Amino acid sequence: MELNFTHLYRNLMAVGLLGLVYREMEDGNEICDVVESTLAEPLQFQVCRAVVSGMAGATDVAKGSLSEYVHRNPNDEPARLALAISLLLAGDADGKRAIEGLLATTDNTAVRETANNMLELLHKQPELVS
């Protein structure tokens with residue numbers, strides 16, 4: 001029987017993210033920290049982790065590593081949008097302000113469309129943001 005490390009690694013990613021979704025934050029974050037530290041380009045995983053954490057009501061990841069990335073790369077509009085969405089999903093009013101700020105500056109059609117959809121959702125469900 002041959003051990004497939006790629007399969008094992010993907011399962012580890014999934015378990016970490018699922019831990020966050022199910023609010024097992026300590027275990028989920030520990031697994032995600034290990035995974036993230038091994039990635040040469042961790043941005044995609046950071047985005048997934050931030051959005052999943054936002055879905056679980058936690059803003060720590062978004063305000064942590066993803067926020068640091070966005071601060072260092074302010075022209076990365078998709079990352080800025082992911083940060084705003086993760087904050088919005090967690091009920092943080094900074095998410096709405098970040099989306100509005102992004103809409104004021106972006107020409108990226110996909111970013112604008114997604115940002116407008118999030119604001120429309122917020123308009124329909126204002127209780128999402130505290």
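Below you will find a few notes about this structure.

It is worth spelling out the pattern of salt bridges at this point. Tallied over the full model, the rule gives 7 salt bridges. Across the pair Asp-94 and Arg-97 runs a salt bridge whose closest N-O atoms are separated by 2.4 Å. Placement of the pair is Asp-94 and Arg-97 together in helix 6 (residues 93-105), with a separation of 3 residues, close to one helical turn. Classification of Asp-94 by relative accessible area gives partly exposed; the value is 30%. Notably, a salt bridge pairs Lys-96 with Glu-100, separated by 3.7 Å at the nearest N-O pair. Of this pair, Lys-96 and Glu-100 both sit in helix 6, 4 residues apart, which is roughly one turn of that helix. On the basis of relative accessibility, which here comes to 35%, the residue Lys-96 falls in the partly exposed class. When its relative accessible area of 37% is taken as the criterion, Glu-100 is described as partly exposed. If you follow the salt bridges from partner to partner, you end up with Lys-63, Asp-92, Asp-94 and Arg-97 in one network.

This brings us to the environment of Val-35. Along the chain, Val-35 turns up in helix 2 (residues 25-38). Owing to a relative accessible area of 0%, Val-35 belongs among the buried residues under this scheme. For the pair Val-35 and Gly-16, spaced 19 residues apart in sequence, the C-alpha to C-alpha distance is 8.5 Å. Residues contacting Val-35, with those up to four places away along its chain left out, are Tyr-9, Leu-12, Met-13 and Phe-45.

Another aspect to go through is unusual backbone geometry. Phi at Arg-23 is positive, roughly 60 degrees, even though this residue is not glycine. Tracing the backbone shows Arg-23 in the loop between helix 1 (5-21) and helix 2. In this structure Arg-23 comes out as exposed when scored by relative accessible area, which is 53%.

A word on the state of the cysteines. For the structure shown, the criterion picks out 0 disulfides. This cysteine, Cys-32, is not joined by any disulfide, and Cys-48 carries the nearest cysteine sulfur, 9.8 Å off. Given the relative accessible area of 0%, Cys-32 is considered buried. Relative accessible area serves as the criterion here: at 36%, Cys-48 is assigned to the partly exposed category.

Running from amino to carboxyl end, helix 5 (residues 77-89) crosses helix 7 (residues 109-124) at an angle of 10 degrees, the nearest separation of the two axes being 10 Å. If you check the angle between helix 5 and helix 7, you find them roughly parallel. For the pair helix 5 and helix 7, the sense of crossing is left-handed. Contacts from Glu-77, Pro-78, Leu-81, Ile-85 and Leu-88 of helix 5 reach helix 7 at Val-111, Thr-114, Ala-115, Met-118 and Leu-122. Taken together, the residues that form the contact of helix 5 with helix 7 break down as 8 nonpolar, 1 polar and 1 charged.

Rules used in this analysis
- Residues numbered from 1 in each chain as written.
- Predicted model: local features only at pLDDT ≥ 70, side-chain atom pairs only at ≥ 80, totals over all residues.
- Heavy atoms only, no water.
- Salt bridge = Lys/Arg side-chain N within 4 Å of Asp/Glu carboxyl O.
- Helix = DSSP H or I, 4+ residues; strand = E, 2+ residues; numbered from the N terminus.
- Buried < 20%, exposed > 50% of the residue type's maximum accessible area, 1.4 Å probe, protein only.
- Contact = heavy atoms within 4.5 Å.
- Disulfide = S-S within 2.5 Å.
- Axes fitted to C-alpha atoms, helices over the stretch in contact; angles between N-to-C directions.
- Parallel < 35°, antiparallel > 145°, perpendicular 65-115°, else oblique.
- Left-handed = near helix turned anticlockwise from the far one by under 90°.
- Nonpolar A, V, L, I, M, F, W, Y, C, P; charged D, E, K, R; others polar.

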